[in-house]
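If you want the building blocks of each chain, they are given just below.
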Amino acid sequence: MTDTPLRLPTGGLIDRSAPVRMTVDGLPVEGFAGDTLASALLAAGIKLTGRSFKYHRPRGTLSAGPEEPNSLFTIGTGDRATPNVRATLVEAADGLVAESQNAWPSLALDVQGLLTAPAGRFLSAGFYYKTFMGGPGWRVWEPLIRRAAGLGPPPQAPDPDAYDHRYDHCDLLVVGGGAAGLAAALSAAETGARVILCDERAQLGGRLLAEGDLAIDGRPAHRWTAEAAALLDRADTVTVLPRTTAFGFYDDRLVGLLERVADHDPAPPPHRPRLRLRLVRTGALVLATGAIEQPVVFPGNDRPGVMLAGAVRTYLHQYAVLGGRRAVIVAGCDDAYRTAVSLADAGAAVAAVVDPRGRPNPAVAGPLADRDIPLFAGWQVRRTIGGQAVRAVEIGRGDAAEAVDDGPGRRRIACDLVALSAGWAPAIHLTSHLGVKPRWDAGLGTFVAGDQPPWLQLAGTAAGRCRLADALAGGREAARLALEGAGRDMAIGWLPPRTAGPAVDPRQPLVSPLPVPLRGKAFVDFQNDVTVGDIGQAAREGYESVEHLKRYTTLGMGTDQGKTANPIGLTLLGAQLGKDPAATGITTFRPPYTPVEVGALAGRTAGAHFRPERWSPIHPWHAAAGAVMTDAGLWKRPWYYPHDGDDLAAASHREVRAVRTGVGLCDVTTLGKIDIQGPDAAELLNRLYINGWSALPVGRARYGVMLREDGLVWDDGTTTRLGDQHYLMTTTTAHAVPVMSWLDYACQVLWPELQVHVTSVTESWAAIAVAGPKSRRLLARVVDGLDLSTRAFPFMAAGVCRVAGVPARLFRISFSGELAYEVAVPSTEGLRVWEALMAAGAADGAVAYGLEALAIMRIEKGHVAGPELNGRTTADDLGLGRLMSGKKDFVGRWLAGRAAFTDPGRPKLVGLTPVDGRTPIPAGAHLVDDPRAPPPIPSLGPVTSVCTSPTLGHPIALGFLERGRDRMGHRLHAHDPLRGRTVAVEIVSPHFYDPAGERMRV
Amino acid sequence: MLLIPCPWCGPRAQTEFHYGGDASLRRPALSTARTPADPALVDYVYLRDNPKGLHQEHWQHAAGCGQWLVVARDTRSHAILGSAPPGGDPLSPPGTDDPAA
Amino acid sequence: MQLFSALAVLREGLTGQTGWRRHWRKATPKPRYDTVIVGGGGHGLATAYYLAKRHGITDVAVLERGWIGGGNTGRNTTIVRSNYRVGANPPFYEHALKLWEGLSRELNFNVMFSQRGVLNLAHSPGQLDGYAERGNAMRLHGIDAELLDRDGVAERAPMLDFGRDARFPIEGGLLQPRAGTARHDAVAWGYARAADALGVDIVEDCAVTGLSIDRGRIRGVDTTRGLIAADKVGVAVAGHSSQVMTMAGIRLPIESHVLQAFVTEGLKPMLDTVVTFGAGHFYISQSDKGGLVFGGDLDGYNSYASRGNLPLASDVAGNAMAMMPCVGRLKVLRSWGGVMDMTMDGSPIIAKTPVTGLYLNGGWCYGGFKATPGSGWTFAHTIAQDAPHSLNAAFNLERFATGHLIDERGAGPVPGHQ
């Protein structure tokens, strides 16, 4: 058993029957189920739990909640090590491993802390901006500074855990399961409304678990809480989500919840996600998010052993841990007096209550006298004394600015705990995620939520209502109003129970304007080491806007997002500028409320599941044939089919030769296919394509080119007239979806008068190219119902038939330049028909060919594809200008005639061959006159597509060249400085192979 | 996340839709009598009012019914004020001609 | 101007930091200036600085409706690069990059320009060829560029997913070593301080409510702090260019869209360069404080709301997990949204307008930060000379009518992409 000197023998809500053993920095730490890592460390008397960001100052746990700025640990080991976890939120669990951060070699002996301490006086706000400019400059300093900055260790290996998303819908979402939230949920549950109640902690209850002086229905408040939670659990229409943080409020009543599903479980069952993002679309919203206690600012207020007064009560009542044996309470608000009473009643010595405000409230001061606790009203803490833990405080009478260094108005009080509170700031973060600015409430002395829609209500301390009875009644009323605001007007039967608590309203939100300390580092932002001095200096330097202050000093920019820093910091800024808080304003709250894991935001969209894979129905054959696949958008397509381990070049050249001399099959299912029907189908095509369609006979296909509205080429493909009022359009694989959307837009928005219907049938049909001089022979063996002779079924013919017994469409079109066909069959038959075609071609040595062979053959033919259709080329640039009809208007026609697009100097598509007949032309090279000229060297155009042609036996390329058509036979340089290559090239026609197109017409 | 009222399917999450931009634009009629760089076409293709406030805009219920619709939305608050089939008025209250009825 | 130096920091450290003076005066607007710059972001402040410094025009006011640098200057992912391919882009952005390289010393304000390199990942041989074309275009312009293979990428960023079973395996990448990041706020502050020292009035909390135009000539601006007369008015309010230019009756080829950005909690150094994903829209770097700063696509619809929505945040995180699968356990600390001027060809406008004496600097899409010094430098020239510099002559308003578009991505006349 390790020592737990500060654990009380009885009490608390921990489960003493379930001890847990954890390892912190290699040493054992024991606790109980129901503890947090922070409470277990405190019970063990371990008060040094972190190092600050900038000065590496020793720090201890400040709070008991998500606002914790100091106690950050790396939790877990190996690939599951998670940096920057707040110890106050880590549920104690057997086997948990925690490592402290930002210290070397250890928290106690941090070298950087030793180095930074004497330099601290120079490292004030903005010092980075003022130096490191001379000498070697930032290039040298930056890496050193980066190493010193940062918090936890970065992960290296892929995150092994899974994350999930789900959508939820409800009538009322209640955020926060404290008194007000429970009351709201109970009230709504009774009406039959669908309710979700979430709370960031493992147990519902909020401050009801943390206070020792609250009673409901005559019993301790936590008992009532357990019963209320059980009641909600039993209600059919209520979903209770513990360990779930509402982190963001988005448009149209969507709230993002982060549910911690498995982190608390030392051995989570497999297949359970670690975290789940719940996207809750709600009708009404009650925010019972509580309030965040604010520290008092004085020199040395960051020393381990200094804690928020409310947190001290939490550790005492919920975890049965004494924050210290001898306490000094610094009470900037009445609420802190409760801590003195609680500690004294638990057996700790309370050496003093120091209330800088001067006039104590007799109602809260009374109980101190009963317990002989000295009260120093009108005094304040001048500094803390101690090394890595507080040993004493020095207090002084009166305003710090006037107090003299020595004299009777000065005392030293020994203590091992300083509990401080300047008041509680309502947690209104979610109310401004949609841009509603918080409003300053002078009566409450704090910022409260700005104007909200009626279906959003706040309750409890989040609404500035601090008494328990008000919280319960307010929760009920908030539920009623929010539901009413959402159109569900109903009576609420639930009645708040009787309560008992401190006689006076104990909490005075917020932030008493306390005196500013005289000297020494008094911390406002603990994590980022922003001091009172920094704020004053920034204001003097002109950083007067709250956003400037934040950015210049880094106030509130830490992992705690300034939850314990911004209210005081902005108050101090206002004081410096002589402005009231309403005029000073407040920095914008943005999502997330507390940090959210990247994995949770991504959900299942990770790793191989980043994007879905689209497979053609023939995919199993490709896989079985050992095809090397490549990505084409979301599609996986065969790139090449290696035989006997041959490489890309060998395999693709073999495939090309097979097609050019025999026959090959290519899976072209991925091309977009759009079915167009109606009396105005031809008219629609006339408007979308640059060429004409009315005269195309039934049973014939035609190549079409489509422009964008700006006149540049967008897409191309063949479109076939299947019937009098029936066309089938094909698009490139890349543009299948946007072209379909554009056709819908044209039909529904631009020209609704056209009688035409368009339907995407891309996924309905499998398509197989059968190409090569022996393709007709192959098809003749499996095609029924069509005469395949050129006379009956010439180039660009289309017809209906049966292929291997399957109803099919057959098109005589060619991308390869050979005699070729495209077979289209219903997707479900694709694999069977492919196999039948392969079998039918076996005698002719039919091969499957992949994208690489396809690409080589289209370059040999001078067909343009993706690299040429780059969105910046005109039809004429691509050599397709002759297709543009002058007899009709079509999309893009007139803007294609703009001066820049008709400039004769534009780069035009050309073919390129190496002058030496053998050196490959580098893809991505630029054509230049003189590669040895000093930069800038004018580029005459890029090389876009390259290959070595197995058919021609030498490298070839396509590219664009200024005035290219006038330069046939000229020689230039394909210059590739990136790879240090320059190839002399000759400009030739882009149609390298069978330019007359005789082979596909045979 | 926006909740877009599809006139055909009812309210659906933004993720089901594809944005189509300003719906107040009117494409100049097709005509063989225009000149290259016709200013009316240049305006249509390039220029936008880009209002800070009420914006009538096209969306396509791409992962739903596939229909294009007009949505009236405030570009400051993202508040959606109504929707209608193309050519309709998204700000008029739904009536008996409501296609979803 | 109070000189900043290590010595000054030392002196102030010993004297309680009491000697620092305001970095820029809190100016009250005069009734008239030679030149008024509307918009106190990086671009407007840089313009004022170069007007004073290079053109001797010091009777200048910069009017900012809120606090300087509060727009997109303070809301971006701080990337600086000149890895462009098309038309006027490479020389313009390279000019900006060269100004960045001397900026801290020129302004006597450390803008923390960190030349850690920008690496664009390629996920297919075809994509790598596309990057080669771009990299070679850069080299022809004398801009640094390197093509990396898989191993070269792994050396620079070993935590990326190099698995062959990744959804989009990494094939290589294009690196610009001189590119990097800078401290965004510091750019606004540094230019403000330097411009102020040259006599420029920086007026915060002063919103322009109207442009005073008489017979086709600008006369001044109406503001929430009264009428301010000026011979010349330069507008640099990207995100809201349409709003201001509407006051002059000028419609722009611009839509305003929201772009989100994200930062994680601080970590010890893990990523020493800027990486962009080639199989999605995603870019990431690590700040000097240790947070991973990243962003992705536009939210995708017109917006002036300065905040984004969850689907896009989710998409960006998915990109992160696909490219860098170790980031799952890291926590997003803050997210924010900026309102972008999205032009119809993806390139900015730095130009004269149809109104004499009225100049426009806008349309920065999501790439304005990197251009800040070059933008201010050329805009100042355009205002001072009443004619563009050769570096920005192509970024005019007429290009949409003539077709001289500068469409780096070939996406056509849509904001962002399809």
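About the cut-offs
Residues numbered from 1 in each chain as written. Chains lettered and ligands numbered in written order. Predicted model: local features only at pLDDT ≥ 70, side-chain atom pairs only at ≥ 80, totals over all residues. Heavy atoms only, no water. Helix = DSSP H or I, 4+ residues; strand = E, 2+ residues; numbered from the N terminus. Buried < 20%, exposed > 50% of the residue type's maximum accessible area, 1.4 Å probe, protein only. Contact = heavy atoms within 4.5 Å. Areas by Shrake-Rupley, 256 points an atom, 1.4 Å probe, with all protein chains shown as cover. Lys, Arg positive; Asp, Glu negative; His and termini not counted. Charge placed at Lys NZ, Arg CZ, Asp CG, Glu CD. Patch = residues over 30% accessible without salt bridge, like charges linked within 9 Å, V, L, I, M, F, W, Y side chains within 5 Å. Salt bridge = Lys/Arg side-chain N within 4 Å of Asp/Glu carboxyl O. Core = buried A, V, L, I, M, F, W, Y, C linked by side-chain atoms within 4.5 Å. Buried area = accessible area lost by both parts, 1.4 Å probe. Polar contact = N/O pair within 3.5 Å; in protein donor to acceptor, adjacent residues only side chain to side chain. Pairing = 2+ DSSP bridges. Axes fitted to C-alpha atoms, helices over the stretch in contact; angles between N-to-C directions. pLDDT = per-residue confidence, 0-100. Arc of directions from axis to C-beta.

**Considering the overall build of chain B**
Phase 1: For chain B, the count of helices and strands is 1 helix and 6 strands.
Phase 2: For chain B, the succession of helices and strands along the chain, N to C, is β-β-β-α-β-β-β.
Phase 3: For chain B, the C-alpha atoms occupy an extent of roughly 45 × 30 × 25 Å along the three principal directions.
Phase 4: Within chain B, buried positions represent 47% of all 101 residues.
Phase 5: Within chain B, residue pairs in contact and separated by at least 24 positions form 46% of the contacts whose partners lie at least 6 positions apart.

**Some points on the overall build of chain A**
Phase 1: Counting its regular elements, chain A contains 23 helices and 52 strands.
Phase 2: Overall, chain A is about 115 × 75 × 55 Å in size when its C-alpha atoms are taken along their principal axes.
Phase 3: Going through the 1002 residues of chain A one by one, you find that 62% of them count as buried.
Phase 4: Just so you have it, chain A exposes about 35,700 Å², and 54% of that area is on carbon and sulfur atoms.
Phase 5: Between the averaged position of the 105 positive side-chain charges in chain A and that of its 103 negative side-chain charges there is a distance of 2 Å.

**Comments concerning a nonpolar patch on the surface**
Residue and element names in this part refer to chain A.
Phase 1: A cluster of nonpolar side chains, contributed by W104, V111 and L115, occupies part of the molecular surface with about 360 Å² of accessible area.
Phase 2: Along the chain, the position of V111 falls in helix α2 (residues 111–119).
Phase 3: The class for V111 is partly exposed, based on a relative accessible area of 34%.

**Here's the deal with the nonpolar core**
Phase 1: Core analysis: the biggest nonpolar cluster contains 156 residues, and L37 and L343 of chain A have the highest contact counts within it.
Phase 2: Take this core: its biggest share by element is 8 residues, from helix α7 (residues 184–197) of chain C.
Phase 3: What L343 of chain A contacts, discounting residues up to four positions off in sequence, is V312, L316, L322, A327, I329, A348, V350 and L417 of chain A.
Phase 4: Ranked by size, the runner-up nonpolar core spans 60 residues in total, among them V175, I196, L214 and A462 of chain A.

**So, the interface of chain B and chain C**
Phase 1: Between chain B and chain C, the residue contacts involve 23 residues of the former and 25 residues of the latter.
Phase 2: For the pair chain B and chain C, the two sides together bury roughly 2,300 Å², of which 51% comes from carbon and sulfur.
Phase 3: Along the contact surface separating chain B from chain C lie 2 salt bridges.
Phase 4: The interface formed by chain B and chain C contains 14 residue pairs in polar contact (both at pLDDT 80 or more).
Phase 5: Residue assignment for the side of chain B that touches chain C shows that the elements contributing at least two residues are α1 (39–46) and β4 (54–60) of chain B.
Phase 6: Ranked by residue count, the leading element in the side of chain B that touches chain C is α1 of chain B, at 3 residues.

**Digging into the environment of P362 of chain A**
Residue and element names in this part refer to chain A.
Phase 1: Inspection of the secondary structure puts P362 in helix α9 (residues 362–370).
Phase 2: By relative accessible area, P362 is classed as exposed at 65%.
Phase 3: Taking the C-alpha atoms as reference points, P362 and S816, 454 residues apart in sequence, are found 96 Å from one another.

**Digging into the sheet that holds strand β3 (residues 18–22) of chain B**
Phase 1: Strand order in the open sheet made by the 4 strands is β3-β4-β5-β6 (chain B), with antiparallel pairing throughout. Looking at the sheet topology across the chains shown, the edges are occupied by β3 and β6 (80–84) of chain B. In this sheet, neighbouring strand axes are inclined to one another by 30 degrees on average, regardless of whether the strands run parallel or antiparallel.
Phase 2: The strands touched by helix α19 (residues 736–750) of chain A within the sheet are β3, β4 and β5 (68–74) of chain B, with β5 of chain B carrying the most contacts at an inclination of about 85 degrees.

**Some words on the confidence of the model for chain B**
Phase 1: Per-residue confidence for chain B gives a mean pLDDT of 92; residues scoring 70 or more make up 91%.
Phase 2: Listed scores for the predicted complex are pTM 0.96 and ipTM 0.97.

**Some thoughts on helix α4 (residues 138–148) of chain A**
Phase 1: The complete set of buried residues in α4 of chain A reads W138, E142, I145 and R146 of chain A. All buried residues of α4 of chain A project into a common sector of 100 degrees when viewed along the axis, lining one side.
Phase 2: Buried residues belonging to α4 of chain A abut α3 (127–130) of chain A together with β14 (283–286) of chain C.
Phase 3: A positive backbone phi angle near 80 degrees is found at G150 of chain A, which sits one or two residues after α4 of chain A.

**Remarks on the interface of chain A and chain C**
Phase 1: Taken together, the contacts link 118 residues of chain A with 116 residues of chain C.
Phase 2: Summed over both sides, the interface of chain A with chain C buries roughly 9,600 Å², with 56% coming from carbon and sulfur.
Phase 3: The interface formed by chain A and chain C contains 10 salt bridges.
Phase 4: Of the charged contacts, one joins D159 of chain A and R329 of chain C as a salt bridge, the two residues approaching to 2.8 Å between their closest N and O atoms.

**With respect to the sheet that holds strand β5 (residues 72–75) of chain A**
All names here are of chain A.
Phase 1: Here 5 strands make up an open sheet; going across it, the order is β2-β1-β7-β5-β6 and the pairing mixed. Two strands in the sheet have a free side with no partner beyond their single neighbour: β2 (27–33) and β6 (82–86). Taking the axes of each pair of neighbouring strands and ignoring which way they run, one obtains an average angle of 40 degrees across the sheet.

**Digging into the pairing of strand β22 (residues 390–397) of chain A**
All names here are of chain A.
Phase 1: The element β22 is largely enclosed, with a buried count of 6 among its 8 residues.
Phase 2: Looking at chain direction, strand β21 (residues 379–386) and β22 are connected through 7 bridges and run antiparallel. Residue Q380 lies in a different strand from β22, and its bridge partner there is G396.
Phase 3: Hairpin connection between β21 and β22: a loop of 3 residues separates the two successive antiparallel strands.
Phase 4: Inspection of the sheet shows β22 paired to strand β23 (residues 410–414) by 5 bridges, in the antiparallel sense. Residue pairing for β23: I395 is matched across the bridge by R411.

**Some points on the environment of S775 of chain A**
All names here are of chain A.
Phase 1: Within the fold, S775 resides in helix α20 (residues 775–780).
Phase 2: Accessibility expressed as a relative area gives 0% for S775, which makes it buried.
Phase 3: It is 6.8 Å that separates the C-alpha atoms of S775 and L819, two residues lying 44 residues apart in sequence.

**Notes on unusual backbone geometry**
Phase 1: Of note, the amide linkage connecting P591 of chain A to P592 of chain A takes the cis form, showing an omega dihedral of 0 degrees.
Phase 2: With respect to the helices and strands, the residue P592 of chain A is situated in the loop between α14 (581–584) and β32 (596–597).
Phase 3: Cis geometry marks the peptide bond from P935 of chain A to P936 of chain A; its omega dihedral reads -5 degrees.
Phase 4: Along the chain, P936 of chain A turns up in the loop between β48 (926–928) and β49 (941–949).
Phase 5: For N50 of chain B, which is not glycine, the phi dihedral falls at a positive 50 degrees.
Phase 6: For N50 of chain B, the location among the structural elements is in the loop between α1 and β4.
Phase 7: Judged by its relative accessible area of 1%, N50 of chain B is buried.

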